[in-house]
Each structure stands twice: as structure tokens, then as C-alpha cells.
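# Structural description and commentary
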Amino acid sequence: MAEQIHLTKSDRLHVWWRSTFLQGSWNYERMQNGGWAYTLVPALKKLYKTKEDRSAALKRHLEFFNTHPYLASPVIGVTLALEEERANGAPIDDVTIQGVKVGMMGPLAGVGDPVFWYTVRPILGALAATMAISGNILGPIIFFVVWNLIRMLFLWYTQEFGYRAGSRIADDMSGSLLGDVTKGASILGMFILGALVERWVSVKWTPVVSNIKQQAGTYIDWNKLPSGAKGIQKALEQQQAGLSLTHYKQTTLQSNLDSLIPGLTGLLITFLCMWLLKKKVSPIVIILGLFVVGILCRVANIM
Amino acid sequence: MSLNFIQIILVLIVAFFAGMEGILDEFEFHQPVIACTLIGLVTGTLGPCLVLGGQLQLIAMGWANIGAAVAPDAALASVASAIILVLGGKGQEGVSAAIGLAIPLAVAGLLLTTLVRTITTGVVHIMDKAAEEGSFAKIDLWQYIAICLQGLRIAIPAGLILAVGAGPVKAMLDAMPAWLTGGLTVGGGMVVAVGYAMVINMMATREVWPFFAIGFVLGTVSEITLIGLGAIGLSLAMIYLALSKVGGGSSSNGSGNGGSGDPVGDIIDNY
């Protein structure tokens, strides 16, 4: 090797952009392999000039690969470093490269799923959904901008980290940092989930437990109000003073439950779903089942 | 309401992007809160679609592509239900019926996803041949074709619903009796739990359950916004991680705190 070939920042940026399409040709045989080869094309093009070299490089990168799409970035970085060394004459064979890829993809997928799919997305999603339901267009905008900002920065910096760390990354990543991130994410995730279950699993029991006639003077006596706008004003004043709107004090099953533990029914349904999922019942079946239960309860007039 | 030509094209483009993202999982165009909003935007019915997107987002919370498993298809569910909502022309009142339709659509979408992922197996075999020739251009080309297949996966069903037109869709929605739409609303309140249950099953360990309980209790305080809850949760996680390192040493990991295993006792002893 007369002169050393190096991947420039622009090469790495091209790879970074292409890694966005990693899952595009996801298939049941070798999963992300097509996208992986596609992602590395700018680097391989630069490093290998002969047809034989290019063919061999593409073949070794069309091997099986699958991890979390974002956590693929550090693996891409390491692979870039290894390929660069190899093109410059270092004795790195196909087995080493494939070994690094496979060795890293498992543990990294284990980090990506809880952190991105089960912590960041649900939290951002819930925030955006809350705003959207109240008609606030900022909800989806915030979701889109914040998510993509986090994602793009994450992809770039982990890829660069992998590139610099080269083959040492596998050791680094298995250290305490990875464990901390995973544990921290699951703590935050569980905490938020607790709040979301309370707020968003909405079940209202409609059966009326009691209907007590109130004493005179504790409710607004609509017949005694002055007519017209004056009456409305008077009624509003009385309501603000704490008078009840109706003759009867109605207590529903829901208000009884709320004074005990608000959101209890939702919590129980969540536990039931967890149990069913552990029994390998398909989520689709559970979802359709809950709709059936909902319809039955509505017909029976208890929800 | 019926859509004009430009609106139909725009809806199809949104559907195409949602389909691509359903597999790429990068820009998140397929998330209901984005996809429904975009359809609302291009059809001029932003308000109701925004609400639909928000409610579907809560249901789709735990739907994630993990490993080789495919989640219920948020892309088809959001795009198709938003189109039905728009064509139905009922505005916000149509939202719960549209959500009721979204769930079976998510299941149908699952079949389409499986189909496309199987077809793509053929695509990577063509890539193998391209690799044999050392042709980068062909690798690129077939990667783009595979992505487009995923886009069409949503765009074609969306086109079909548009082709059927507003009339039949509206008739179908009108034919739904009140007990059905009411029941779907009740069911919709409960199905959110399935997504949460999936996530909890994934993350729960004995160690993190107390944080769920704290979250549940604080959730009842409606004055605390989600951002506030996020800040509390993040702080708790950082405090926990920091404390579990203090005095723990490398030998005791399980219970977090080291020493005698009784931190309160240690403090009392120190006095």
C-alpha cells in the first residue's frame, strides 16, 4: 500500500444519512442486511477500487444483521474503522468484521428498545397526544421536531464514537455506562407509565349507588329565580357559593371508587392485559376483546 | 365531503411516507399524531384529525417493531381512519367511530407488512447478484425499490378507500347504531391499557416497580403536567443510580445500597 486511504468527514456524513434507510429492505431471511450494505456504499466505494474487492466487500456486508435501527450507528462506526484498516492493509478478515457486527448487535438492541421505543417515544407521544386532543397543533410539531433532533444527533455522535473507538467499542459499551442508561430509562419509563395508566386508561362506571333528596337551601331552587338574564346571574352566584344544581345528591359507583383509589379500574385492566400477554394471548385479540367488552357494558348500561 | 384532485394526490403522498416510515422507524411519519394531522392538514380538516391522531397515539403507545416481530400497523390505522373521518364529514363526532375502525385496519396492516417483508426477501437475493457484479448502483436501486414497496403498502389501500368515495363511507358510518359507537368509545378508553401492558411487561423488574407506584399516585394530581412528571421521573432515576453506587462497591448490586444492607440503620449507627 503506497498511500493510506482515509474516510473523510463528508464520507461519514453520507453514511450517516444513508443509515436513516437501514430498515428499508427489511426481510425475513437476513433482516437488515440490504440496508446495511446500502448504508456502507459511500465508504466501500472510496476504499475499494477493483471489481473483485468491491464484490467481496458487498458480499460480506450482505450477511445477516439486525439490531435496533438507531443503535446500529455505533456498529456502523466501528465497521467503518475496521474496513478502513483493512483497505490499508491490516490483517482483518471477514470473520472478524462479521464477529464484531454480531457481537454488538444483540446487547445494543437490548438498550435501544427500552430507551427509544419504550421510554422516549411513549413520553413524547403522550405529551403530543395530550396537546393534540385539546386541539393544539403544537403537539405533533413538538413530537416531530424533538424526536428527530434526538435521533439525528444520536445517530451521528454514536457513529462517530464507534468510528473513533474502533474495535475497542464492544468492550467499552459492555461496561457500566450501558447498564446505567438501561436502568435509568426503565426507572423513568415505569414512573411515567404509572402516571399514564392513571390518567389515560379511562373507565367510567355509570351505575348510580344512591340518590338522596337534599335539604332545602343546599340546592338551587330554579322555580324561585328571577326571570331572564338576572336569573342566570343569580343561579351562577348560587352555584359558586357551593349550592348543588339538582334536588338530589347522586352518588355513582365511579365517585365511590374515586374516593378510594382514582384510576383503580384502569390499573386492574392494565394488570389483566399484562397477565394475558404473558399467557401469550395476542395483543390484537386483547384489543378486540376489550372493544367487545366495551360494547357489552354500554348495552348493559353499566359504563 | 369529497376531495379535489390535488387533495387526493397529497393524501396519497402522506400515505406513501407513512408506509415508508412504518418500516424505517426514523422520522416517525407513521405515528398517528403525525400521520392523522398531516392528512387533516392537506384535506382542510385539521381540527378533527388532530384529535383523532392524539387519541390513536395513546392507543398505539406500545406498538413497536421489536426484533423480527411486527407491531400492529400504526401507519395503516392512522392513515385509513383519518381518510374515513374526513370523507365521513362528521367532524369531531366521527372520531370515536374512526378509532373503532382503526383497530381492525391495524390488524389488516399487519398482514400487508408481513407480505411486503416476504417479497423483500426476493429483493435481497437480487442484491446478492448485484454484489457478485460489484455494482453499487444496483444495490442502491433495489434498496429504493424495497422502500417504495413499503410506501405502496399504505398508499394503495388509501387510494382504494378514496376510490370508494365519500358516499359509501358515510353510509357505513351512519349505519352504525348508537350502542356501537358508544361501546367503541368505552372500549377505546380501555384498549390504551394493552399498549401500556406491553411496555410494562418489557421493562418491569422487582427493582423498578416502586417507581410505577409513585408515578401512579402522582398521576392523580392533575396539576402536574406530563413535563413536570418527566422531570420528577428523571430526577428519581438519577438519584437512584447515584445512590446505588454510593457505598455499594462492586460486590453488592442487587439491593442497591451496600454496607450492612440497612441504610437507615447505618445512619443511626453513625450518630
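All values reported here derive from a predicted model rather than from experimental measurement.

### Some remarks on the pattern of salt bridges
- Applying the stated rule across the entire model yields eleven salt bridges over all chains.
- The partner of Arg30(A) in a salt bridge is Asp128(B), with the nearest N and O atoms 2.8 Å apart. With Arg30(A) in the loop between helix H1 (9–18) and helix H2 (33–47) and Asp128(B) in helix H5 (residues 95–133), this pair bridges two chains.
- Overall, the relative accessible area of 15% leaves Arg30(A) in the buried class.

### Some remarks on the packing of H2(A) against helix H6 (residues 136–164) of chain B
- The geometry of H2(A) relative to H6(B) is characterised by a closest axis approach of 10 Å and an angle of 145° between their N-to-C directions. Here the hand of the crossing between H2(A) and H6(B) comes out left-handed. Contacts from Gly34(A), Gly35(A), Ala37(A), Tyr38(A), Val41(A), Leu44(A) and Lys45(A) of H2(A) reach H6(B) at Phe136(B), Ile139(B), Asp140(B), Gln143(B) and Tyr144(B).

### Some thoughts on the interface of chain B and chain A
- Counting residues at the interface gives 104 residues for chain B, matched by 103 residues for chain A.
- With both chains or domains summed, chain B and chain A bury close to 9,400 Å², and 75% of this area falls on carbon and sulfur atoms.
- Considering only the side of chain B, the residues that lose the most area to chain A are Glu26(B), Phe136(B) and Phe216(B), jointly responsible for 9% of the buried surface there.
- The tally of links between chain B and chain A comes to six salt bridges.
- In this assembly, chain B and chain A are joined by 19 residue pairs in polar contact (both at pLDDT 80 or more).
- Counting only elements with at least two residues in the side of chain B that touches chain A, the list comes to helix H1 (5–24), helix H2 (32–43), helix H3 (46–59), H5, H6, helix H8 (178–203), helix H9 (209–219) and helix H10 (226–245) of chain B.
- It is H8(B) that provides the largest number of residues to the side of chain B that touches chain A, a total of 22 residues.

### Quick look at the domain arrangement of chain A
- Per the domain assignment, the segments making up chain A are domain 1 (9–199) and domain 2 (208–299).
- For domain 1 of chain A and domain 2 of chain A, the distance between their C-alpha centroids amounts to 47 Å.

### Concerning the UniProt feature "transmembrane region" (unreviewed entry) in chain A
Residue and element names in this part refer to chain A.
- On the UniProt side, "transmembrane region" (unreviewed entry) is annotated at positions that read residues 177–197, 259–277 and 284–302 here.
- Helix and strand shares over residues 259–277 are 84% and 0% respectively, and the end C-alpha atoms of the span are 30 Å apart.
- Counting secondary structure, residues 284–302 comes out at 84% helix and 0% strand; the distance between its end C-alpha atoms is 25 Å.

### Section: the packing of aromatic side chains
Residues and elements named next belong to chain A.
- If you walk through the whole model with that rule in mind, you get 20 aromatic pairs over all chains.
- Here Trp16 and Trp156 contribute two aromatic rings whose centre-to-centre distance is 6.3 Å and whose plane-to-plane angle is 80°, an arrangement assigned as edge-to-face. Of this pair, Trp16 sits in helix H1 while Trp156 sits in helix H6 (residues 138–165), and the two are 140 residues apart along the sequence.
- The buried category is assigned to Trp156, whose relative accessible area is 12%.

### Some thoughts on the UniProt feature "transmembrane region" (unreviewed entry) in chain B
Residues and elements named next belong to chain B.
- Residues annotated by UniProt as "transmembrane region" (unreviewed entry) correspond here to residues 32–54, 66–89, 95–120, 141–166, 178–199 and 211–243.
- What you have in residues 32–54 is 91% helix and 0% strand, and the ends, taken at the C-alpha atoms, are 7 Å apart.
- The annotated region residues 211–243 carries 82% helix and 0% strand content, and the separation between its end C-alpha atoms amounts to 15 Å.

### Things to note about the nonpolar core
- Membership of the largest hydrophobic core comes to 156 residues, with the highest contact counts inside it found for Leu52(B), Trp63(B), Val79(B), Ile83(B) and Tyr196(B).
- Counting residues per element, this core draws most heavily on helix H5 (residues 94–133) of chain A, which supplies 17 residues.
- Contacts of Val79(B), omitting those with residues within four sequence positions, involve Ala15(B), Ala18(B), Ala35(B), Ile39(B), Ile154(B) and Ala158(B).

About the criteria used
Residues numbered from 1 in each chain as written. Chains lettered and ligands numbered in written order. Predicted model: local features only at pLDDT ≥ 70, side-chain atom pairs only at ≥ 80, totals over all residues. Heavy atoms only, no water. Salt bridge = Lys/Arg side-chain N within 4 Å of Asp/Glu carboxyl O. Helix = DSSP H or I, 4+ residues; strand = E, 2+ residues; numbered from the N terminus. Buried < 20%, exposed > 50% of the residue type's maximum accessible area, 1.4 Å probe, protein only. Axes fitted to C-alpha atoms, helices over the stretch in contact; angles between N-to-C directions. Left-handed = near helix turned anticlockwise from the far one by under 90°. Contact = heavy atoms within 4.5 Å. Buried area = accessible area lost by both parts, 1.4 Å probe. Polar contact = N/O pair within 3.5 Å; in protein donor to acceptor, adjacent residues only side chain to side chain. Domains from an automatic or database assignment. UniProt positions renumbered as here; feature names shortened; annotations may be inferred. Phe/Tyr/Trp six-rings, centres within 6.5 Å; stacked < 30°, edge-to-face > 60°. Core = buried A, V, L, I, M, F, W, Y, C linked by side-chain atoms within 4.5 Å.

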